[in-house]
Amino acid sequence: MWNRVLAVFRAGFEGQWGRGAWPVAPLIMHGSIAAVLCGLARSELQPFGYALFALSLSAALIAIPLLGEFGVLLRSDPASDWIEAQPIRRIELRLARTLVAMLLLAALVLSALLPAALIAPAAMEWDTRLGMIAVGGLQAITLLAAILCMQSVLGERAEGLLVLCQTVLVAGVVIGIIAGLRYVPRLAHLSSPSDASPLLVFHPPAWFAALLFERARAAGTIWSWAGWIAGTASLVALAFAPLPRGQRSPRAGFGLAFVLGPLRAAASRWWVRTNERASFHLVFDALPLEREFVLRTYPMLGIPLALIVAGARGADRSERDALLAVLLFIPATYLPILLVHVPATATPAARWILDTAPIPRAAIDNGAVKAVALRFLLPLYVLLSAVAIAQGGIDIVLRLALPAAILAHIILRQLYPMCAGDLPLSVAPTDIAAKLDWTGTLLMLGIGLTVLALVALKFVDSVGIGLACAALLLVVEWMLDRAASADERTTA
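Procedures and definitions
- Residues numbered from 1 in each chain as written.
- Predicted model: local features only at pLDDT ≥ 70, side-chain atom pairs only at ≥ 80, totals over all residues.
- Heavy atoms only, no water.
- Helix = DSSP H or I, 4+ residues; strand = E, 2+ residues; numbered from the N terminus.
- Buried < 20%, exposed > 50% of the residue type's maximum accessible area, 1.4 Å probe, protein only.
- Contact = heavy atoms within 4.5 Å.
- Polar contact = N/O pair within 3.5 Å; in protein donor to acceptor, adjacent residues only side chain to side chain.
- Axes fitted to C-alpha atoms, helices over the stretch in contact; angles between N-to-C directions.
- Parallel < 35°, antiparallel > 145°, perpendicular 65-115°, else oblique.
- Left-handed = near helix turned anticlockwise from the far one by under 90°.
- Nonpolar A, V, L, I, M, F, W, Y, C, P; charged D, E, K, R; others polar.
- Arc of directions from axis to C-beta.
- Salt bridge = Lys/Arg side-chain N within 4 Å of Asp/Glu carboxyl O.

Description of unusual backbone geometry
Reasoning step 1: With phi around 55 degrees, Leu-425 is a residue other than glycine that occupies positive phi space.
Reasoning step 2: As for its position among the elements, Leu-425 is in the loop between α21 (394–419) and α22 (438–459).
Reasoning step 3: The buried category is assigned to Leu-425, whose relative accessible area is 9%.

Some thoughts on helix α14 (residues 277–286)
Reasoning step 1: Every buried residue of α14 is listed here: Ser-279, Phe-280, Val-283, Phe-284 and Ala-286.
Reasoning step 2: Looking at the buried positions of α14, the neighbouring elements they touch are α13 (261–270) and α20 (361–390).

Here's the deal with the side chain of Ser-111
Reasoning step 1: Structurally, Ser-111 is set in helix α6 (residues 90–118).
Reasoning step 2: Here Ser-111 falls in the buried class, since its relative accessible area comes to 11%.

Observations regarding the environment of Lys-370
Reasoning step 1: Here Lys-370 is to be found in helix α20.
Reasoning step 2: Here the alpha-carbon distance between Lys-370 and Arg-277, two residues 93 residues apart in the chain, equals 9.7 Å.
Reasoning step 3: Setting aside its immediate chain neighbours within four residues, Lys-370 contacts Trp-271, Val-272, Arg-273, Glu-276, Phe-280, Arg-413 and Asp-481.
Reasoning step 4: Engagement of the side chain of Lys-370 in a polar contact is seen with the backbone oxygen of Trp-271, the distance being 3.0 Å.

Describing the packing of α14 against α20
Two packed helices can be described by the angle between their axes and the distance between those axes.
Reasoning step 1: Packing of α14 against α20 leaves a shortest axis separation of 7 Å and a crossing angle of 40 degrees. One element, α14, and the other, α20, form an angle in the oblique class. Pair α14 / α20 crosses with right-handed handedness. Mapping the contact onto sequence places Ser-279, Phe-280, Val-283 and Phe-284 in α14 and Ala-363, Ile-364, Gly-367, Ala-368, Lys-370, Ala-371, Val-372, Leu-374 and Arg-375 in α20.
Reasoning step 2: For the contact of α14 with α20, the residue count by class is nine nonpolar, two polar and two charged.

Quick look at the packing of α20 against α21
Reasoning step 1: Direction vectors running N to C along α20 and α21 enclose 155 degrees, while the axes themselves pass 10 Å from each other. With respect to each other, α20 and α21 are oriented roughly antiparallel. In this structure, α20 crosses over α21, and the sense of that crossing is right-handed. Taken together, the residues of α21 that come into contact with α20 (itself represented by Asp-365, Asn-366, Ala-368, Val-369, Lys-370, Val-372, Ala-373, Leu-377, Tyr-381, Ser-385, Ala-388 and Ile-389) are Ile-394, Val-397, Ala-401, Ala-404, Ala-405, Ala-408, His-409, Leu-412, Arg-413 and Tyr-416.
Reasoning step 2: Partitioned by chemical class, the residues of the contact of α20 with α21 number 16 nonpolar, three polar and three charged.

Observations regarding α13
Reasoning step 1: Arg-264, Ala-267 and Ser-268 are the residues of α13 that are buried. The buried residues of α13 occupy an angular sector of 100 degrees when projected down its axis, which confines them to one face. Turned more than 90 degrees from where α13 packs its buried face, Pro-262, Arg-269 and Trp-270 sit exposed.
Reasoning step 2: Those residues of α13 that are buried are in contact with α14 and α20.

Here's the deal with the pattern of salt bridges
Reasoning step 1: Scanning the entire structure with this criterion turns up 11 salt bridges.
Reasoning step 2: Where Arg-351 meets Asp-422, a salt bridge forms, and the shortest distance between an N and an O atom there is 3.1 Å. Of this pair, Arg-351 sits in the loop between α18 (335–339) and α19 (352–355) while Asp-422 is found in the loop between α21 and α22, placing the two residues 71 residues apart along the sequence.
Reasoning step 3: For Arg-351, a relative accessible area of 23% corresponds to the partly exposed category.
Reasoning step 4: A residue is classified by how much of its surface remains accessible, and Asp-422, at 22% relative accessible area, is partly exposed.
Reasoning step 5: Linked by salt bridges that have partners in common, Arg-273, Glu-276, Lys-370, Arg-413, Glu-477 and Asp-481 make up one network.

Next up, the structure:
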């Protein structure tokens, strides 16, 4: 039995990381964030409070990639065709899949908790520091099992609810990371689980921190028992939870597509050229039905929403207006995450339709750009404008929303060739790759758009000026569109 399990495990490992494609960037980012935040908190906390802080931070850092980039490992197997042809039982397949997932999980845990253990307060003994890494692994297994079970239960029954749950989780994680340092003084008095507030029993990292500090007791408190029960149940769930089949949901996004129907017809008639319409309609109709695209990109919308929720609390009017202005300009930093997944599809073998299409590549790309703008960027700005209005910023929305949206479309046009490395809907999700300096590009976009938002807030002080800026940006977009049309004729 174990020989077959190990054979399938090696195949899965080779399919994911055997060629050296390890997730180095997320691991470095996790380690950096953990080192900085734990370094800031270590002098204020006793060992138990520090362990609780570090485990909470580790859970947050692990949750985001499991809900986004690495979530595909929980939902599909790139070697599934080969595996299904082998004489292997279902339980052996699940055990092998669990080993692959736990290998990735171990790397994520070590990237966050190893720096936390190294810079822990001097009062924390080395055996306790190593124990923190161990219980952090048990916590990560519990988190992985919870996400897998959520995807198994909701994945084929309520796809929209699954996306909503994951978006809420991402937003909650971001708010927790942003606001976490505010609660460090409240943890300063915690020397043992008995000092903790009863409300912390609803905070899973507290269970595992209690495990660490009550491991010598024959009978632990409710905290440590909760940790043991959660960890044991998670190990069982990982091995026996049903595999999500990852089928498309034909109703996904149907309501939004119906609402956008008149705009789509107008765009197809007046904006999209004849040789761009095939890719425009393909991306508009098919991309929202790609399960991996939806589950990888939609939950990341929780990040800008979390920023506005976290920043608006307790802010005065000027700070709130600045935050809302940034909210309207900053979505362009989300575009690389969206665009890099435009080529993703569950049926990459059908790419021959695009490969053999009698239209130039430039026309395919330009049609895809317009489809992404209408299908995803426009609804995103409507959502963010509604959030801004709910926060009392209707004046900001009237002045800045339209020019910000047009500017985002111009940035979308410039980013598309860099981020979408292949034809739309032509590559398996596990083969998605972007030849892009993620850190440099996102940092440059984030800083530049934040500065631009503050400048616009100061100088675009009326609706008329906002409309004039929007008209100027429309002229720029028209010129870029004409340049794209010239490229289509050149490559035809």
